[in-house]
Every structure is written in structure tokens, then in C-alpha cells.
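Report on the structure
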Amino acid sequence: MNDALGSLFEGRLFSGELAGLGLSLALLLALAVSVPTKARGLLRQPIGMLVLYGVVRALMLAAQGLAGFLEPVALLLLLGSSGRAGVLLALDVVLGRRLARPLPRIFRDLVQALVYVAVGIATLRAVGVEPGSLLTTSALLTAVIGLSLQETLGNMFAGLAIQVQRPFEVGDWIQWDAEPKNIGKVTEINWRATKVVTLDHVEIIVPNGTLSKAPIRNYTKPTSESRRSVYVTAPYELPPTRVHELIIRALAETPGVCETPAPTVVTNAFLDAGVEYWVRFFLTDMDRRDRIDSAARDRIYFALRRLGVSIPFPNRTVWLHQVSEESRAQAKETAIVDRERSLARVDLFAVLSAEDRRTLAEMTSQRAYTKGEIVVRQGDDDGDLFLIEEGEVSVILDRPGTDRDVEIARLGPGKFFGEMALMTGDRRSATVKALTDCELIAVGRDAFQRILERSPGIAERVSEVLADRRAEFDRIAEETEVIPSSKAQRTSELLGRIKKLFSLR
Ligand code: CMP
């Protein structure tokens with residue numbers, strides 16, 4: 001090398017340099033034939049350095065006096081060109097073809113930086129300067145370099161940690177602080193920073209050091225689906241279960257909303273404007289999330305409109321008029337007439353005169369239950385009879401000690417239940433649960449007593465139904481003690497008990 005330098009100082013092209021030039025050209029040629037046409041831009045840097053090398057060389061020939069000063073520059077450019085071409089060939093061509101996905105940018109940058117450092121050291125050595133001595137002889141220089149590199153090195157190691165641990169990758173959607181605007185798609189992770197493009201199509205360059213300290217929310221991992229929340233208010237008049245169904249159906253056809261995991265609805269709050277529903281659904285296209293949220297709201301709006309309901313706005317109704325005795329009586333009368341009509345539809349009360357039905361309607365009350373609610377619980381000692389106006393209930397036998405309950409029957413509009421406890425004074429024989437939203441009429445013991453006094457024939461009809469049901473009940477409940485008896489026996493036995501309870505002759 002020293003010989004070569006000697007000849008260089010005399011302004012001649014020495015053999016080592018010739019070999020370097022040959023190597024550089026060979027590497028460039030290999031690179032040119034192996035990189036795809038669209039990546040040809042990569043060649044620009046090493047070729048540029050080689051051209052500059054030629055210019056410096058020409059200058060050296062023209063101005064011999066400058067040769068001493070220009071020689072290291074020429075050497076640096078020549079080695080730099082070979083180094084850059086070699087790195088590109090090794091990483092992009094040889095390694096790049098073997099790896100399933102592109103090599104992380106940070107590794108490419110680091111390898112390139114190391115090669116340039118090696119080129120710098122080789123050049124310094126070639127001109128007789130020992131690079132190590134530069135650092136050791138100047139403590140001040142070392143301190144300055146150390147301090148200024150502190151932040152950079154921190155970012156670089158954080159970048160390496162990101163590459164190794166992979167809390168996120170290029171293509172993932174991340175949020176790195178509480179600011180909702182700071183959410184975006186990772187487009188590049190380099191040795192200093194990570195580039196993220198937000199929904200506003202703004203590129204944010206976040207230093208790796210910041211990311212390594214932040215709690216990162218990755219919307220793409222562990223699964224590509226992430227949950228969205230939309231809040232909808234519907235009027236109080238609409239039963240929540242109905243609104244839930246309607247929203248789920250509306251979302252099922254909304255483009256961009258995932259089928260699985262399925263959307264869900266939660267009755268969230270009772271507000272001035274109406275009942276607030278929290279609608280949760282999943283999506284995978286984070287870049288379209290605002291438009292998908294909007295489409296979901298649109299679908300819900302139109303589904304409500306088709307029902308003749310509009311989304312309520314906050315309102316407060318201030319009743320300034322005095323409720324007159326007359327209007328109050330009218331409201332009460334309407335409710336009684338409604339109940340009278342429902343009672344007429346129940347087989348059991350078909351025998352009642354209009355007058356008795358009216359009396360019964362006056363003494364009963366209306367009750368609403370939602371799907372899944374328990375109306376009557378097995379073993380309780382309450383004693384109302386329920387008539388079903390709307391909806392369906394399930395009669396269930398709870399079997400203590402077993403985890404399998406048995407459904408005995410399903411009852412719909414026009415049917416009644418709860419007669420056993422009411423008529424016999426026994427505890428509830430089974431649990432009755434609403435299968436859908438239900439409107440029921442509750443008949444208390446006093447009301448029933450009045451009706452039986454007026455129309456004792458009802459007791460017989462009830463005991464018949466009751467005996468039938470009891471027989472069915474006993475048949476199903478194998479483990480309960482059944483005293484085998486004929487239907488006639490059972491009916492008269494029950495009738496006796498009923499008459500006694502209601503003091504009938
Ligand atoms: P009660 O015992 O007061 O409460 C539970 C109710 O379930 C019961 O009255 C009946 O009304 C009802 N029930 C019990 N067995 C049957 C059956 N086999 N078919 C229909 N309803 C029943």
C-alpha cells in the first residue's frame with residue numbers, strides 16, 4: 001500500500017489502484033445486469049462516486065501540485081464506489097432473492113454505514129493516519145462525538161429493538177400516544193425513525209426512541225380486525241330488544257363491517273333525547289374506518305326511518321296543562337277497555353259475562369317483560385295469575401341438583417299461567433321465562449276471588465286445565481313423586497282444594 005501511495009504521489013496510476021478500479025467496474029457491471037429495471041436508480045450513487053473519482057484523477061494530472069491533497073479524496077471515492085456497489089449486490093441481489101420479505105431498512109443502513117466507516121479508516125491508513133489515535137489523543141473530540149451521538153445511538157438501538165421484537169411492522173396501523181390523530185400506517189422503519197402516514201395522509205416521522213418508550217396500540221395485531229364504537233339514540237317508545245335486532249340486521253349488510261366477530265349492541269344510557277345504544281362492530285380496513293363508521297350510522301338511520309321512527313334530539317317535555325279529573329278518568333278507562341278486550345281473548349274467561357269481564361279488567365294491571373326475564377320463579381310463594389296479551393313464554397322445570405332444566409311447555413297470546421299457585425295456594429310449581437318481549441295482564445287473588453264468586457263454573461274449568469297441566473308436568477318430571485291417579489280423581493281433588501281456599505260452596 002505504501003508503495004502504491006508512493007507512486008500515487010508522483011501522479012501515476014499504480015497497480016493497486018488499477019485493481020481497485022477493475023473491482024469497482026466489475027461490481028457495477030454485475031449490479032447493472034442483476035437488479036430489475038425499476039431498481040436501476042440504485043446504481044446512481046456508486047456510478048456517481050466513480051465519475052467523481054475520474055474527475056479528481058483528471059484534476060491531479062492537470063495540476064500536479066494538488067496531487068498530494070487530492071490523492072486521498074480519489075482513493076475515498078474509489079473505495080466508496082466499490083463499497084456501495086458491493087453492499088447493494090450483497091443485500092439486494094444475493095440476500096434479497098433468498099429472503100421471503102425485504103430486508104429491514106435499518107439493517108441495510110447499518111451495513112452501509114459500517115462499510116463507509118471501513119472505507120474511511122482504510123483511506124486514513126493509506127495516507128498514514130491512524131484513526132484510533134485521533135480518538136484517543138483528543139479526549140475533547142471523543143466527548144463531543146459521544147455527546148452528539150447519544151440521541152442518534154439511542155434511536156438506532158431502539159430501531160434495532162423494534163426490528164427484533166417486532167411490536168409492529170411495515171403495513172401495520174399503530175397509535176403511539178393518547179392523541180387520536182396520532183394513528184397511522186407504518187410505511188418505513190429506518191435506523192433513526194419510523195415513518196407513519198395518518199388518515200389525513202400526513203407523514204409523521206416518529207423517532208424510534210419515542211416509540212420505544214410509548215405504549216403502542218397496534219390495530220393490525222394480533223388480528224387484523226379492530227373494533228369500532230358508534231353511539232345511536234332511539235326513542236323510549238321502542239323496546240330495546242327491537243332496537244338491538246334492527247341495528248344488528250342493518251349492520252349485517254353494511255360494506256366494510258366484518259361478519260365475524262359479529263357486531264353487538266349494548267343498551268348504554270337513558271338520556272334526555274332517548275335511549276342510547278352502544279353499537280360495536282369490527283373492521284379490517286383501517287384506512288376506510290371513518291367511511292365505514294359513517295355507512296353504519298347511515299344504515300341504522302334508514303332502518304329506523306323505515307319503522308317510522310326518527311333519531312330523537314335532546315328534548316324536555318314541560319307539561320303546563322293541568323291534568324283534569326276527566327282526562328285522568330279517560331286514560332284509565334282506555335286502559336281498562338284494552339284489558340277487557342285482552343281478557344275476552346283468553347279461553348278461560350270466555351264464559352264470563354261482559355259485566356264480570358269488566359270487573360276483572362278494573363281489578364287487574366298490565367306488566368311488560370323483556371326477552372329472558374323471569375316472570376314466575378319455581379318455589380316462590382306469590383300467587384298472581386298471568387294472561388299473555390303479546391309474546392311467548394317458556395314454562396321450565398328447574399331440577400335442583402342437576403344442571404339440566406326441562407322445558408315443559410311454551411305459551412303464547414291468549415294463554416294463561418300461574419293458575420296453580422293462585423288456585424291451590426301451593427308454591428310455584430315451575431319457572432316461567434319470557435322468550436320474547438311480553439305484555440302480560442296480572443290477575444291477583446282478590447280479583448280472582450271476586451270472579452269465582454260470580455261465576456263458580458270457572459273454578460271447574462280451571463281445575464280441568466290445571467289437572468291436564470299437572471299430569472303433563474308430572475309425566476315430564478319423572479323424578480318428582482307422582483301419585484298415580486285418574487284425571488277425574490285429580491280434578492275433584494284439586495276442585496276441593498280450590499273451593500276450600502276461595503271459601504266456595
Ligand atoms: P304455577 O305453579 O303458579 O307457576 C308455574 C306455572 O307453570 C304453573 O302455575 C302453570 O301455570 C304453568 N305450568 C305448569 N305445568 C304446565 C304445563 N304442563 N303446561 C303449561 N303450563 C304449565
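Residues numbered from 1 in each chain as written. Predicted model: local features only at pLDDT ≥ 70, side-chain atom pairs only at ≥ 80, totals over all residues. Heavy atoms only, no water.

1. With respect to the sheet that holds strand β12 (residues 393-397)
Read across the open sheet, the 4 strands follow the order β10-β15-β12-β13; overall the sheet is antiparallel. The sheet terminates laterally at β10 (374-376) and β13 (406-411), the two strands that pair on one side only. Pairs of neighbouring strands in the sheet enclose a mean axial angle of 30°, with direction left out of account. (Pairing = 2+ DSSP bridges. Helix = DSSP H or I, 4+ residues; strand = E, 2+ residues; numbered from the N terminus. Axes fitted to C-alpha atoms, helices over the stretch in contact; angles between N-to-C directions.)

2. What about the site of the ligand?
The ligand sits among 16 residues. The nearest are Gly418, Glu419, Ala421, Arg428 and Ser429. In the model, an oxygen atom of the ligand is placed 2.6 Å from a nitrogen or oxygen of the Glu419 side chain. Between the ligand and Arg469, the relevant distance is 3.2 Å, taken from a nitrogen atom to a main-chain nitrogen or oxygen of the residue. Compared with its free state, where it exposes 460 Å², the ligand has 97% of that area covered by protein. Elements with a minimum of two residues in the shell around the ligand: β13, α13 (419-424) and α15 (457-476). For the shell around the ligand, the per-class residue count stands at 10 nonpolar, 2 polar and 4 charged. (Near = heavy atom within 4 Å. Polar contact = N/O pair within 3.5 Å; in protein donor to acceptor, adjacent residues only side chain to side chain. Areas by Shrake-Rupley, 256 points an atom, 1.4 Å probe, with all protein chains shown as cover. Nonpolar A, V, L, I, M, F, W, Y, C, P; charged D, E, K, R; others polar.)

3. Some remarks on the packing of aromatic side chains
Tallied over the entire structure, the rule returns 5 aromatic pairs. Ring geometry for Tyr231 and Trp278: centres 6.3 Å apart, planes at 15°, overall stacked. Placement of the pair is Tyr231 in strand β6 (residues 226-234) and Trp278 in strand β8 (residues 275-283), with a sequence separation of 47 residues. Here Tyr231 falls in the partly exposed class, since its relative accessible area comes to 45%. Since its relative accessible area comes to 21%, Trp278 is described here as partly exposed. Residues Phe349 and Phe448 carry aromatic rings whose centres are separated by 6.2 Å and whose planes lie at 65° to one another, so their mutual orientation is edge-to-face. With Phe349 in the loop between α11 (325-344) and α12 (354-363) and Phe448 in helix α14 (residues 445-454), this pair connects stretches of sequence that are 99 residues apart. (Phe/Tyr/Trp six-rings, centres within 6.5 Å; stacked < 30°, edge-to-face > 60°. Buried < 20%, exposed > 50% of the residue type's maximum accessible area, 1.4 Å probe, protein only.)

4. A word on the pattern of salt bridges
All chains considered together, the criterion is met by 22 salt bridges. Here Arg57 and Glu71 are joined by a salt bridge, their closest N and O atoms 3.8 Å apart. A residue pair is termed long-range when its members are at least 10 positions apart, and Arg57 in helix α3 (residues 44-62) and Glu71 in helix α4 (residues 67-98) qualify at 14 residues. Of the two residues examined, Arg57 and Glu71, each falls in the buried class. Here Arg454 makes a salt bridge to Glu355, at a shortest N to O gap of 4.0 Å. Placement of Arg454 in helix α14 and of Glu355 in helix α12 is noted, with a sequence separation of 99 residues between them. Given the relative accessible area of 39%, Arg454 is considered partly exposed. Salt bridges here are not isolated pairs; linked through shared partners, they connect Arg166, Glu169, Asp172 and Lys221. (Salt bridge = Lys/Arg side-chain N within 4 Å of Asp/Glu carboxyl O.)

5. Quick word on the packing of helix α5 (residues 105-126) against helix α7 (residues 139-165)
Closest axis-to-axis distance for the α5/α7 pair is 10 Å, and the angle between their directions is 135°. In terms of their interaxial angle, α5 and α7 are classed as oblique. As for the relative orientation of α5 and α7, their crossing is left-handed in sense. Facing α5, whose interface residues are Ile106, Phe107 and Leu110, α7 presents Met156, Gly159, Leu160 and Gln163. Grouping the constituent residues of the contact of α5 with α7 by class yields 5 nonpolar, 2 polar and no charged. (Parallel < 35°, antiparallel > 145°, perpendicular 65-115°, else oblique. Left-handed = near helix turned anticlockwise from the far one by under 90°. Contact = heavy atoms within 4.5 Å.)

6. Quick word on the sheet that holds strand β1 (residues 173-175)
Taking strand neighbours across the sheet as the criterion, the 5 strands line up as β4-β3-β2-β1-β5 in an open arrangement whose pairing is antiparallel. Strands with a single pairing partner mark the edges of an open sheet, and in this sheet they are β4 (203-207) and β5 (217-218). Two elements, β1 and strand β2 (residues 183-189), share 3 bridges in a ladder whose sense is antiparallel. For Trp173, the partnering residue across the bridge sits in β2 and is Lys185.

7. Concerning the nonpolar core
The tendency in soluble globular proteins is for nonpolar side chains to be buried side by side. Grouped together as the largest cluster of nonpolar side chains are 29 residues, with contacts concentrated most on Phe349, Leu360, Leu385, Leu387, Met423, Phe448 and Ile458. Of all the secondary-structure elements, those providing two or more residues to this core are α11, α12, β11 (385-390), α13, β16 (438-443), α14, α15 and α16 (487-501). Per-element tally for this core: the top contributor is α15, with 5 residues. Apart from residues no more than four positions distant in its own chain, Phe349 is found in contact with Leu343, Arg357, Leu360, Leu385, Leu387, Phe448 and Ile458. Leu238, Ile247, Val257 and Val309 belong to the second-largest nonpolar core, a separate cluster that totals 26 residues. (Core = buried A, V, L, I, M, F, W, Y, C linked by side-chain atoms within 4.5 Å.)

Keep in mind that these numbers describe shape and distance, not what the molecule does.
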